[in-house]
Amino acid sequence: MTQSLVIALHASPDVQQRACDLVEQVEANRAAPVRRNARPRARGRPHWWPRSSYVDQVAEIVPTNGLVNRETELTELARFCSGTDQYVWWQAPPWAGKSALMATFVRNPPEDVDVVSFFVTSRLAGHADSIGLVDVLSEQLAAILGRPMPSTGVLTLRDTYRRSMIRDALQQVAELGRQLVLVVDGLDEDGKSRPGTGLASIASILPSLLGDQVRVIVSSRPDPPLPHDVADGHPLRQCRIRHLDVSPHATNVASRARRELNGLLQRGKAEQDIIGFLAARRGGLSAVELQQLTGLPPFKLEHILAGDFGRTVVPRTDHGAASSHRVYVFTHDALLEESVSQLGPALIDRYRARIARWAQVYIDRGRLENL
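Attention here is on the structure that accompanies the text. If you're wondering where the values come from, they're calculated on a predicted model, not measured in any experiment.

Within the protein, the secondary structure is distributed over 12 helices and nine strands. Expressed as a percentage of the 371 residues in the protein, the buried residues total 51%. For the protein, the accessible surface area stands at approximately 17,500 Å², while carbon and sulfur atoms represent 52% of it.

Our next topic: the environment of Gln-172. Note that Gln-172 resides in helix α6 (residues 155-175). Separated by 27 residues in sequence, Gln-172 and Leu-145 place their C-alpha atoms 7.7 Å apart.

Relative placement of two packed helices is described by the angle separating their axes and the distance separating the axes. For the pair helix α8 (residues 269-281) and helix α11 (residues 333-343), the least separation of the axes is 9 Å and the interaxial angle reads 115°. Considered as vectors, α8 and α11 are oriented roughly perpendicular to each other. Considering how the two elements wind past one another, α8 and α11 form a crossing that is left-handed. Across the interface between the two elements, Gln-272, Ile-275, Gly-276 and Ala-279 of α8 pack against Ser-339, Val-340 and Leu-343 of α11. Residue composition of the contact of α8 with α11, grouped by class: four nonpolar, three polar and no charged.

Bringing α8 into the picture now. The end-to-end C-alpha separation of α8 is 18 Å, in line with the 18 Å expected for 13 residues at 1.5 Å each. Most of α8 sits out of view: 11 of its 13 residues are buried. Within the span of α8, buried status applies to Ala-270, Glu-271, Asp-273, Ile-274, Ile-275, Gly-276, Phe-277, Leu-278, Ala-279, Ala-280 and Arg-281. One or two positions beyond α8, positive phi appears at Arg-282, with a value near 65°.

What follows concerns the nonpolar core. Within the largest apolar cluster, 62 residues are counted, with the highest numbers of intra-cluster contacts made by Leu-180, Val-184, Ile-217 and Leu-236. Per element, the largest residue contribution to this core is nine residues, and it comes from helix α5 (residues 130-145). Residues within four places of Val-184 in sequence aside, it is in contact with Phe-118, Val-120, Leu-133, Ile-202, Leu-206, Ile-217, Val-218 and Ser-219. Core analysis: the next-biggest nonpolar cluster, separate from the first, contains 35 residues, Trp-95, Leu-264, Ile-304 and Tyr-351 among them.

In this section: the pattern of salt bridges. The final tally for this structure, using the stated rule, is 10 salt bridges. One salt bridge connects Arg-240 with Glu-76, and the closest N-O pair in it is separated by 3.9 Å. Linking Arg-240 in strand β7 (residues 240-243) with Glu-76 in helix α3 (residues 71-81), this pair joins segments that are 164 residues apart in sequence. Note that Arg-242 and Glu-76 form a salt bridge whose closest N and O atoms lie 2.9 Å from each other.

The sheet built from five strands is open, its strands ordered β4-β5-β6-β3-β7 with parallel pairing. Unpaired on one side and paired on the other, β4 (113-119) and β7 mark the two borders of the sheet. Shown here is a sheet whose adjacent strand axes are inclined to one another by a mean of 20°, direction ignored. Note: strand β3 (residues 87-91) against strand β6 (residues 214-220), five bridges, orientation parallel. Across the sheet, the residue bridging to Trp-89 is Val-218, located in β6.

Another point: helix α4 (residues 98-107). Most of α4 sits out of view: nine of its 10 residues are buried. All buried positions along α4 are accounted for by Lys-98, Ala-100, Leu-101, Met-102, Ala-103, Thr-104, Phe-105, Val-106 and Arg-107.

Right, let's get into the packing of helix α9 (residues 287-294) against helix α10 (residues 298-305). The contact between α9 and α10 brings their axes to 10 Å, and the two run at 115°. Comparing their axes, α10 and α9 come out roughly perpendicular. In this structure, α9 crosses over α10, and the sense of that crossing is right-handed. Of the residues in α10, those touching α9 at Ala-287, Leu-290 and Gln-291 are Pro-298, Leu-301 and Leu-305. By residue class, the composition of the contact of α9 with α10 is five nonpolar, one polar and no charged.

Relative to the elements of secondary structure, Val-134 occurs in helix α5. Judged by its relative accessible area of 2%, Val-134 is buried. Spatially, the C-alpha atoms of Val-134 and Leu-206 are 9.8 Å apart, while their sequence positions differ by 72 residues. If we skip the residues at most four places from it in the chain, Val-134 touches Arg-158, Asp-159, Arg-162 and Ile-205.

Cis geometry is found at the peptide bond from Asp-223 to Pro-224, where omega equals 0°. The topology assignment puts Pro-224 in the loop between β6 and β7. Here Asn-69, not a glycine, exhibits a phi torsion of approximately 55°, which is positive. Positive phi, close to 65°, is recorded for Trp-95, a residue that is not glycine. Position of Trp-95 relative to the elements: it lies in the loop between β3 and α4. Accessibility expressed as a relative area gives 12% for Trp-95, which makes it buried.

Parameters at a glance
Residues numbered from 1 in each chain as written. Predicted model: local features only at pLDDT ≥ 70, side-chain atom pairs only at ≥ 80, totals over all residues. Heavy atoms only, no water. Helix = DSSP H or I, 4+ residues; strand = E, 2+ residues; numbered from the N terminus. Buried < 20%, exposed > 50% of the residue type's maximum accessible area, 1.4 Å probe, protein only. Areas by Shrake-Rupley, 256 points an atom, 1.4 Å probe, with all protein chains shown as cover. Axes fitted to C-alpha atoms, helices over the stretch in contact; angles between N-to-C directions. Parallel < 35°, antiparallel > 145°, perpendicular 65-115°, else oblique. Left-handed = near helix turned anticlockwise from the far one by under 90°. Contact = heavy atoms within 4.5 Å. Nonpolar A, V, L, I, M, F, W, Y, C, P; charged D, E, K, R; others polar. Expected span 1.5 Å × (residues − 1). Core = buried A, V, L, I, M, F, W, Y, C linked by side-chain atoms within 4.5 Å. Salt bridge = Lys/Arg side-chain N within 4 Å of Asp/Glu carboxyl O. Pairing = 2+ DSSP bridges.

None of this, on its own, says anything about what the molecule does.
The structure is reproduced here in structure tokens:
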């Protein structure tokens, strides 16, 4: 173990908890048209946005220079909010631009609509299962209602609070003549809905009994099909499916990102290690964590991450962390899977083992401090 892996940082409870989470998650991971930027007309920020950190996180998914050639789709999403259908399911293959479209809509809602959202991704800890859905939606609903977040660690109680807050939020928006819309992007990336996990799928806990003031928009790839725990009468089993055309702009970005990834893997050990640790972690790592795992000095790590990694790895806000901080993640889940494939199972296992050894240092230090 290199000296960098045992840097004597104070093992605070937050650090100890994150180390435990890292160990658990590492183990769980074994098993050419005219271009017009779609910039919806400026609107005032909803009153509750400043109270929700997740809304700011969604802003990081919106393309920096605006959405290209998606005005029709944004208009259709806005029209759905005031229509009669309560569910709609947008489907498209990888790199079609689904998340960019949904994030742009969430950040530019119609005048009389409050949008709460959840973007399913394994690239951030706690964002790829139904527990993450409950927590993230509860945070936004609490912001709408002006209430504190429920402080229970019991999942069934947290879900009960979420359902109660949906009812209260619906009543509040109805009294104001507004509409509540739920957007869930990436149903196909639900990482813990497989049989044997003991966890309900994200799709199964989406609301099935809806009032006139709520609409649900989901998006995913065409496959896999809905999990078996989704009830036969659930709206997802009979709602309209909207097939999204692949954006040439998104395809070009995908091609450039994959070329960048392959180039980075061949550049040197430092670049390979950064990609390897992120691929093995699957949930994002902070700059400090990457520094300790790779053994790189801060100035060199910062130089690498600020350089040619732009289309491959970006900083994001880890909403699932004990305290809000920035972590580095792959720009798309397809790049995460591509990294795992390119590095191979043996090398990925070695990176996982190094993460586990590093995390164990903090766990052991915490135990010693508590003696």
